[in-house]
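Letter by letter, the chains look like this.
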Amino acid sequence: MVTTVTPVRRGDREIGAYIDGRFVPAVDATAVALAALATAAVASAGVSIGLAVRRRPAIGAVTMGPGGWISLKHTTRPPLRAARPWWARLLRAHRLVEEH
């Protein structure tokens, strides 16, 4: 049995071949590899951006203890409030107090 192969070209690129009367398209390995690399690059960039933008929660786990008290894990004490607001300290403003 003799197999006949007839290449099919478009310009100077081979796009496939007729093998025993059936057309078999050629696979461009370079284009497939470049498409896979581009897909991997876009996916890894998306994951990296997603992880960079994601914020950590302000507090950790909240659990209920015996007696109804609440336990907050991985937190710090809240900062103490200043006696006066920041803008009052900036302007050196004082509270108006009525003197008798």
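As shown above, the structure is provided for reference.
Residues numbered from 1 in each chain as written. Predicted model: local features only at pLDDT ≥ 70, side-chain atom pairs only at ≥ 80, totals over all residues. Heavy atoms only, no water.

1. A short note on the overall build of the protein chain
Condition: The way it works is that DSSP assigns letters per residue, a run of H or I at least four long becomes a helix, a run of E at least two long becomes a strand, and they are numbered from the N terminus. Based on C-alpha atoms, the radius of gyration is set beside the globule rule, defined as 2.2 Å times the residue count to the power 0.38. The cut-offs for exposure are 20% and 50% of the maximum accessible area for each residue type, with area from a 1.4 Å probe on protein chains only; residues under the lower value are buried, those over the upper are exposed, and the others partly exposed. The contact rule is simple, with two residues in contact once any of their heavy atoms fall within 4.5 Å. Per-residue accessibility takes into account occlusion by the displayed protein chains alone, with areas from the Shrake-Rupley method and a 1.4 Å probe. Only four residue types enter the tally: Lys and Arg on the positive side, Asp and Glu on the negative side; His and the chain ends are excluded. Charge placement uses NZ in Lys and CZ in Arg. For Asp and Glu, CG and CD serve respectively.
When helices and strands are tallied, the protein chain shows two helices and five strands. Along the protein chain, from the amino end to the carboxyl end, the secondary structure elements read β-β-β-α-β-β-α. For 100 residues, the compact-globule formula gives about 13 Å, and the C-alpha radius of gyration of the protein chain, at 36 Å, lies well above that figure. Overall, the C-alpha framework of the protein chain stretches about 120 × 45 × 15 Å when taken along its three principal axes. Residues classed as buried in the protein chain amount to 6% of the 100 residues present. A separation of at least 24 residues holds for 0% of the contacts in the protein chain among residues at least 6 apart in sequence. Carbon and sulfur atoms form 63% of the exposed surface of the protein chain, whose accessible area is close to 9900 Å². Averaged over its 14 positive side-chain charges, the protein chain has a centre that lies 18 Å from the centre of its 6 negative ones.

2. As for unusual backbone geometry
A positive phi is found at Asp20, a non-glycine position, where the angle reads about 50 degrees. Residue placement: Asp20 occurs in the loop between strand 2 (13-19) and strand 3 (22-25).

3. Let's talk about a nonpolar patch on the surface
As a reminder, the rule being used: A patch consists of residues exposed above 30% relative accessible area that lack any salt bridge, with like charges linked at up to 9 Å and nonpolar side chains (Val, Leu, Ile, Met, Phe, Trp, Tyr) linked at up to 5 Å. We define a salt bridge as a side-chain nitrogen of Lys or Arg found within 4 Å of a carboxyl oxygen belonging to Asp or Glu.
A cluster of nonpolar side chains, contributed by Ile59, Val62, Met64, Ile70 and Leu72, occupies part of the molecular surface with about 500 Å² of accessible area. Taken together, the elements giving at least two residues each to the nonpolar patch come down to strand 4 (62-64) and strand 5 (70-72). Following the sequence through the fold, Val62 ends up in strand 4.

4. Some remarks on the pairing of strand 1 (residues 5-10)
As a reminder of what qualifies: Strands pair, by our definition, only if DSSP identifies at least two bridges between them.
The sheet contact formed by strand 1 and strand 2 spans six bridges and is antiparallel. Across the sheet, residue Arg9 finds its bridge partner in strand 2, namely Glu14. Where strand 1 hands over to strand 2, the hairpin turn is made up of two residues, of which Gly11 adopts a positive phi near 70 degrees.

5. Quick look at the sheet that holds strand 3
Let me state the cut-off plainly: Angles run from 0 to 180 degrees between N-to-C directions of axes, and those axes are lines fitted to C-alpha atoms, restricted for helices to the stretch in contact.
Here we have three strands laid out as an open sheet, ordered 1-2-3, and antiparallel in their pairing. This sheet does not close on itself; its edge strands, each paired only once, are strand 1 and strand 3. Between one strand axis and the next, the sheet turns through 30 degrees on average, direction left out of account. Inspection of the sheet shows strand 2 paired to strand 3 by four bridges, in the antiparallel sense. Paired with Tyr18 across the strands is Phe23, a residue of strand 3.

6. A few points about the pattern of salt bridges
In this structure the tally under the stated criterion is two salt bridges. Of the charged contacts, one joins Arg9 and Glu14 as a salt bridge, the two residues approaching to 3.8 Å between their closest N and O atoms. Overall, the relative accessible area of 53% leaves Arg9 in the exposed class. The class of Glu14 is partly exposed, set by a relative accessible area of 41%. Between Asp28 and Arg13 there is a salt bridge, with its nearest N and O atoms 3.8 Å apart. Note that Asp28 is positioned in the loop between strand 3 and helix 1 (29-53) and Arg13 in strand 2, a separation of 15 residues in sequence.

7. Digging into the environment of Ala17
Along the polypeptide, Ala17 turns up in strand 2. Distance from Ala17 to Val32, taken between C-alpha atoms, is 19 Å for residues 15 residues apart in sequence. Residues in contact with Ala17, not counting those within four places in the same chain, are Val5, Thr6, Pro7, Val8, Arg22, Phe23 and Val24.

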